[in-house]
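Take a look at the letters that make up each chain.
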Amino acid sequence: EPEVTQTPSHQVTQMGQEVILRCVPISNHLYFYWYRQILGQKVEFLVSFYNNEISEKSEIFDDQFSVERPDGSNFTLKIRSTKLEDSAMYFCASMSQGYNEQFFGPGTRLTVL
Amino acid sequence: GENVEQHPSTLSVQEGDSAVIKCTYSDSASNYFPWYKQELGKGPQLIIDIRSNVGEKKDQRIAVTLNKTAKHFSLHITETQPEDSAVYFCAASSGSGNTGKLIFGQGTTLQVKP
């Protein structure tokens, strides 16, 4: 069964460093998302991406965040200068055209020291 | 703004009993309501969903009901088993703008005691 994959599974970084989280969505999906989950809290929407551009972003998704689909298969989330409060689990999700079902990846645990 | 409230935050039942988790949503434009199960260290897995043109949907031991007037939807698990133990999240999505953004509830930790 097709699935969303994410790498790395765990990323440790120093405050102020840049990180790139990578996702490979399900191959025929056209809508892509990033969510985050701070330990013990709800899953929060960050950004949605369709037709090679951001379609919606939350207040969390400030200028430090960016997304890219560089090669037609990967979907990346970049945090330019990480803060301690960016420590969270980051989930990528994808959705096919015409349906609402979002399929989530296993997540990347980001730890900012 | 858009919000989804979920109750209870924790739920403990005996194996074989039923479990009910309830959610309310604020955005009247919401038209899609999925439920996700999250096991420790894993991503959310879709277990059932319902669209706003339907009042109830059932899949084996799992059912979801939707009351659009009250902006309320619920997950019902019957004949619970220990492997049902996990965190369950409800979510709502609005068709507005067709971005598919999901707004999640706070989650319910379900413990099924053998």
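Look above for the structure.
Keep in mind that this is a model prediction, so the values were computed, not measured.

Visitor: Can you help me understand the overall build of chain A in this one?
Guide: In terms of helices and strands, chain A carries zero helices and 11 strands. Shown N-terminal to C-terminal, the secondary structure of chain A runs as helices and strands in the order β-β-β-β-β-β-β-β-β-β-β. Over its C-alpha atoms chain A spans a radius of gyration of 13 Å, differing by no more than 12% from the 13 Å that the globule rule assigns to 113 residues. If you line up chain A on its principal axes, its C-alpha atoms span 40 × 25 × 25 Å. By residue count, 44% of the 113 residues in chain A fall in the buried class. If you take every contact in chain A between residues at least 6 apart in sequence, the share linking residues at least 24 apart comes to 54%. Just so you have it, chain A exposes about 5,800 Å², and 45% of that area is on carbon and sulfur atoms. Across chain A, 9 positive and 14 negative side-chain charges occur, with their mean positions spaced 4 Å apart.

Visitor: Please explain the sheet that holds strand β1 (residues 4–7) of chain B as it appears in this structure.
Guide: In sheet architecture, strand pairing relies on hydrogen bonds along the backbone and comes in two forms, parallel and antiparallel. Residue and element names in this part refer to chain B. Read from one edge to the other, the open sheet built from five strands follows the order β1-β3-β8-β7-β6, with strand pairing classed as antiparallel. Every other strand in the sheet has two partners, leaving β1 and β6 (56–59) as the edge strands with one partner each. Direction aside, the axes of adjacent strands within the sheet are offset by 15° on average. As paired strands, β6 and strand β7 (residues 62–67) are joined by four bridges and run antiparallel to one another. Within the sheet, the bridge partner assigned to E56 lies in β7 and is T65.

Visitor: Teacher, can you tell me more about the interface of chain B and chain A here?
Guide: Frequently, the measure chosen for interface size is the accessible area removed from exposure when the parts meet. Counting from both sides, the interface comprises 22 residues of chain B and, opposite them, 20 residues of chain A. Broken down residue by residue, the surface that chain B buries against chain A is led by T99(B), K101(B) and F104(B), which jointly contribute 30%. Seen at the junction of chain B and chain A, the total is one salt bridge. Between E56(A) and K101(B) there is a salt bridge; the shortest N-O distance is 2.7 Å. Counting every contact that joins chain B to chain A gives six residue pairs in polar contact (both at pLDDT 80 or more). Contributing elements (two or more residues each) for the side of chain B that touches chain A: β4 (30–38), β5 (45–51) and β10 (102–104) of chain B. When residues in the side of chain B that touches chain A are grouped by element, the largest group, four residues, is from β5(B). The residue makeup of the side of chain B that touches chain A, split by class, is eight nonpolar, 10 polar and four charged.

Visitor: Can you walk me through the side chain of D86(A) in this structure?
Guide: Residue and element names in this part refer to chain A. Looking at the element boundaries, D86 is found in the loop between β8 (75–79) and β9 (88–95). R36 is the oppositely charged side chain nearest to the buried, salt-bridge-free D86, at an N-O distance of 4.4 Å. A distance of 2.8 Å separates a polar side-chain atom of D86 from the backbone nitrogen of K83. With residues up to four places along the chain from it excluded, the contact list for D86 reads R36, F65, I79, S81, L110 and V112.

Visitor: Even after reading the chapter, I still don't get the nonpolar core, so can you show me in this structure?
Guide: The nonpolar side chains of a soluble globular protein tend to be buried, and buried together. Of all hydrophobic cores here, the largest spans 25 residues; its most connected members are W35(B), F73(B), L75(B), Y88(B) and L110(B). Sorting the residues of this core by element identifies β2 (10–14), β3 (19–25), β4, β5, β7, β8 (72–77), β9 (86–94) and β11 (108–113) of chain B as the ones contributing at least two each. Discounting chain neighbours no more than four positions away, the residues touching L75(B) are A19(B), V20(B), I21(B), W35(B), I47(B), I48(B), I62(B), A63(B) and Y88(B). If you look at the next biggest cluster of nonpolar residues, it comprises 21 residues, including I26(A), L46(A), F49(A) and L77(A).

Visitor: Would you explain the packing of aromatic side chains in this entry?
Guide: The geometry of an aromatic ring pair is captured by the separation of the ring centres together with the interplanar angle, meaning the angle of the planes. Applying the stated criterion to the full structure yields 18 aromatic pairs over all chains. Taking the centre distance of 5.6 Å and the plane angle of 65° together, the rings of W35(B) and F73(B) count as edge-to-face. Separated by 38 residues along the polypeptide, W35(B) in strand β4 and F73(B) in strand β8 bring together distant segments of the chain. The exposure class assigned to F73(B) is buried, which follows from its relative accessible area of 0%. Ring pairing ties together the aromatic residues Y33(A), Y35(A), F45(A), F91(A), F104(A), Y36(B), F89(B) and F104(B), which thus form one cluster.

The rules behind each value
Residues numbered from 1 in each chain as written. Chains lettered and ligands numbered in written order. Predicted model: local features only at pLDDT ≥ 70, side-chain atom pairs only at ≥ 80, totals over all residues. Heavy atoms only, no water. Helix = DSSP H or I, 4+ residues; strand = E, 2+ residues; numbered from the N terminus. Rg over C-alpha atoms; globule rule 2.2 N^0.38 Å. Buried < 20%, exposed > 50% of the residue type's maximum accessible area, 1.4 Å probe, protein only. Contact = heavy atoms within 4.5 Å. Areas by Shrake-Rupley, 256 points an atom, 1.4 Å probe, with all protein chains shown as cover. Lys, Arg positive; Asp, Glu negative; His and termini not counted. Charge placed at Lys NZ, Arg CZ, Asp CG, Glu CD. Pairing = 2+ DSSP bridges. Axes fitted to C-alpha atoms, helices over the stretch in contact; angles between N-to-C directions. Buried area = accessible area lost by both parts, 1.4 Å probe. Salt bridge = Lys/Arg side-chain N within 4 Å of Asp/Glu carboxyl O. Polar contact = N/O pair within 3.5 Å; in protein donor to acceptor, adjacent residues only side chain to side chain. Nonpolar A, V, L, I, M, F, W, Y, C, P; charged D, E, K, R; others polar. Core = buried A, V, L, I, M, F, W, Y, C linked by side-chain atoms within 4.5 Å. Phe/Tyr/Trp six-rings, centres within 6.5 Å; stacked < 30°, edge-to-face > 60°.

In short, shape yes, function no, at least from these values alone.
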